[in-house]
Structure formats: C-alpha cells, structure tokens
Amino acid sequence: MKRPHSTAALVAILGASACFAAPDRQATEAEAKRIVASFVGEVKPMLQGYMKARGPVGAVEGCAVDAPAIADRISESTGWEVGRVSLKPRNVDRGTPDAWETATLRQLEKKRNDGADASELNHGEWVEGRYRYMQAQIVEGVCLNCHGEALDPAVQSIIAEYYPEDSATGFSLGDIRGAVTLASPPGD
Ligand code: HEC
C-alpha cells in the first residue's frame, strides 16, 4: 500500500512546526522568568528592610500588607496573574493552590528530594490557552523566624491573629516553602 506521506516528509513537517513554536515558548518563558525576578527582587528587600527596622513581629505586619500589594501591582502592570502558593499556606485566601499548582508543587518537591538545585525548581507549560509558570521558593535562614519549627511567642501570636488558619510553620532550611505562580494574560 502506498502511504500518503513519506516518513521524511512527516519529519520535515514536524520539524518545521517545532521551529515555529520554539521562539514563542522561549519568549513567553523568558518573560515569566523576568516577572518572577522582579517580584522576588522587591519582596526580599522589603522583608529584609522590615526585619532590620522593626524585627520579626513588625515584619509580619509588613509582609501581610506589602507582599500581596507587590504581587497585585506587578499583575496590573504586566497583565499576568502573579501570586504565591504553598502546599502549607499561611494566607489561605491567596496562597491555596489550585489543581494544576498542587500537582506542580508536588512535582517540584519530588525534584527537590531527588537533589535538584534551587535554580532548577521551576516549571512552565501552556494550560487552556495560558502559559502557567511556577518558581519554587526555598527556606533560608531569615525565613525560619516566621516559617520555622520554634517561633518566638510574640511572632507566633501575631501570626495567629492575622492568619488563624496558618499552616506555614515547621519548615527547615532548604525546604520548598512554596512558589511564585504566574499565568499569562488570557487570550495572549
Ligand atoms: C516576618 C515574618 C516572615 C518572614 C521572615 C518570612 N515570611 Fe513568608 N510569609 C509571612 C507572612 C505574614 C505571609 C502571608 C502573606 C500574605 O498574606 O500574602 C507569608 C507568606 C509566604 C508565602 C506565600 C504562601 C502562603 O503561605 O501564604 C511564601 C511562598 C513565603 N511566605 C515564603 C517565604 C520565604 C521563602 C521566606 C524567606 C526568604 C519568608 N517567607 C520569610 C511572613 C514571613
């Protein structure tokens, strides 16, 4: 029987479509990485500034207001949805992952347990017409003040006041605390 396409023609067609798709994906992923970098680049100094000026108790209040505000402002200026989620969220309204984010966080946890470096702990893909991207955030020394095993009682009580449903404690150095999560503008 004669085949309508030779294997060589099929390879050529697939190869050509892969070439067309690649730059778009790369550009979108690069944009996602830039947005994560600008978000983290604002949140970290904000946190460090509060810690220095007001200690961890004051920093909780700062974080509670400033971190979501920074995410919202970057969302507005880029058109992308920007947020942070965790399998153990502190802010249950904003930080609870949806099904795709939960699956991605679990996949990143597995990668981490298999020894992946922090810089490799990201994942992006097109989901229902939007490019979704997550970058894990790793627990460093400063994070333990508010996400560690043994919190200062004053820190514990202000966290309980702001976040009665908090589950974001008990973390150790090097753990995945959560992730920055992005979705490209709808219809992009
Ligand atoms: C001074 C206390 C404090 C420190 C230090 C701190 N956080 Fe948080 N963290 C918070 C508060 C408060 C929230 C909830 C913010 C909100 O309402 O969106 C939060 C939320 C988060 C979230 C969003 C998901 C969730 O659970 O709501 C991530 C991710 C996160 N922190 C990671 C980190 C990492 C990584 C570090 C260290 C680099 C860190 N945090 C240090 C207080 C702190």
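Predicted model only: the values in this text are computed from it and were never measured.

## As for the sheet that holds strand S4 (residues 176–183)
- Sheet architecture is open: 4 strands sit in the order S1-S4-S3-S2, paired in antiparallel fashion. What marks the edges here is a single partner per strand, and that holds for strand S1 (81–85) and strand S2 (122–127). In this sheet, neighbouring strand axes are inclined to one another by 20° on average, regardless of whether the strands run parallel or antiparallel.
- Where S2 lies against strand S3 (residues 130–138), 6 bridges are found, and the strand directions are antiparallel. By the bridge assignment, Asn122 is partnered in S3 with Gln135.
- Together, S1, S2, S3 and S4 form the strand contacts of helix H3 (residues 99–113), whose direction differs from that of S3 by roughly 45°.

## Considering the site of the ligand
- Near the ligand, the surroundings consist of 21 residues, among which Cys143, Cys146, His147, Tyr163 and Arg177 are the closest.
- Arg177 is positioned such that a nitrogen or oxygen atom in its side chain is 2.5 Å from an oxygen atom of the ligand.
- Contributions of two or more residues to the shell around the ligand are made by helix H1 (7–78), S3 and helix H4 (144–147).
- Looking at the shell around the ligand, the element that brings in the most residues is H1, giving 8 residues.
- Class assignment for the residues of the shell around the ligand results in 14 nonpolar, 4 polar and 3 charged.

## Digging into the coordination of the iron atom of the ligand
- Just one protein ligand coordinates the iron atom of the ligand, and it is His147 (NE2) at 2.2 Å.
- Inspection of the secondary structure puts His147 in helix H4.

## A short note on the side chain of Thr102
- With respect to the helices and strands, Thr102 occurs in helix H3.
- Taking the relative accessible area as the measure of exposure, Thr102 reaches 18% and is therefore buried.
- Filtering out sequence-adjacent residues up to four positions away, Thr102 remains in contact with Leu87 and Pro97.

## Some thoughts on the environment of Leu121
- As for its position among the elements, Leu121 is in the loop between H3 and S2.
- Owing to a relative accessible area of 0%, Leu121 belongs among the buried residues under this scheme.
- Separated by 16 residues in sequence, Leu121 and Gln137 place their C-alpha atoms 8.4 Å apart.
- If we skip the residues at most four places from it in the chain, Leu121 touches Leu108, Lys111, Arg112, Ala116, Met134, Gln135, Ala136, Ile138 and Ile176.

## Here's the deal with H3
- Under the 1.5 Å per step criterion, the end-to-end length of H3 is 21 Å for 15 residues, consistent within 8% with the ideal 21 Å.
- Residues of H3 that are buried: Trp100, Glu101, Thr102, Thr104, Leu105 and Leu108.
- Each element contacted by the buried residues of H3 is listed here: S1, S2, S3 and S4.
- Structurally, the start of H3 carries an N-cap: the backbone nitrogen of Trp100 is 3.1 Å from a side-chain oxygen of Asp98.
- Immediately beyond the C-terminal end of H3, within one or two residues, lies Gly115, with a positive phi of roughly 100°.

Rules used in this analysis
Residues numbered from 1 in each chain as written. Predicted model: local features only at pLDDT ≥ 70, side-chain atom pairs only at ≥ 80, totals over all residues. Heavy atoms only, no water. Pairing = 2+ DSSP bridges. Helix = DSSP H or I, 4+ residues; strand = E, 2+ residues; numbered from the N terminus. Axes fitted to C-alpha atoms, helices over the stretch in contact; angles between N-to-C directions. Contact = heavy atoms within 4.5 Å. Near = heavy atom within 4 Å. Polar contact = N/O pair within 3.5 Å; in protein donor to acceptor, adjacent residues only side chain to side chain. Nonpolar A, V, L, I, M, F, W, Y, C, P; charged D, E, K, R; others polar. Donors = N, O, S within 2.8 Å, 3.2 Å for Na, K, Ca; no water. Buried < 20%, exposed > 50% of the residue type's maximum accessible area, 1.4 Å probe, protein only. Expected span 1.5 Å × (residues − 1).

Purely geometric numbers; function is a separate question.
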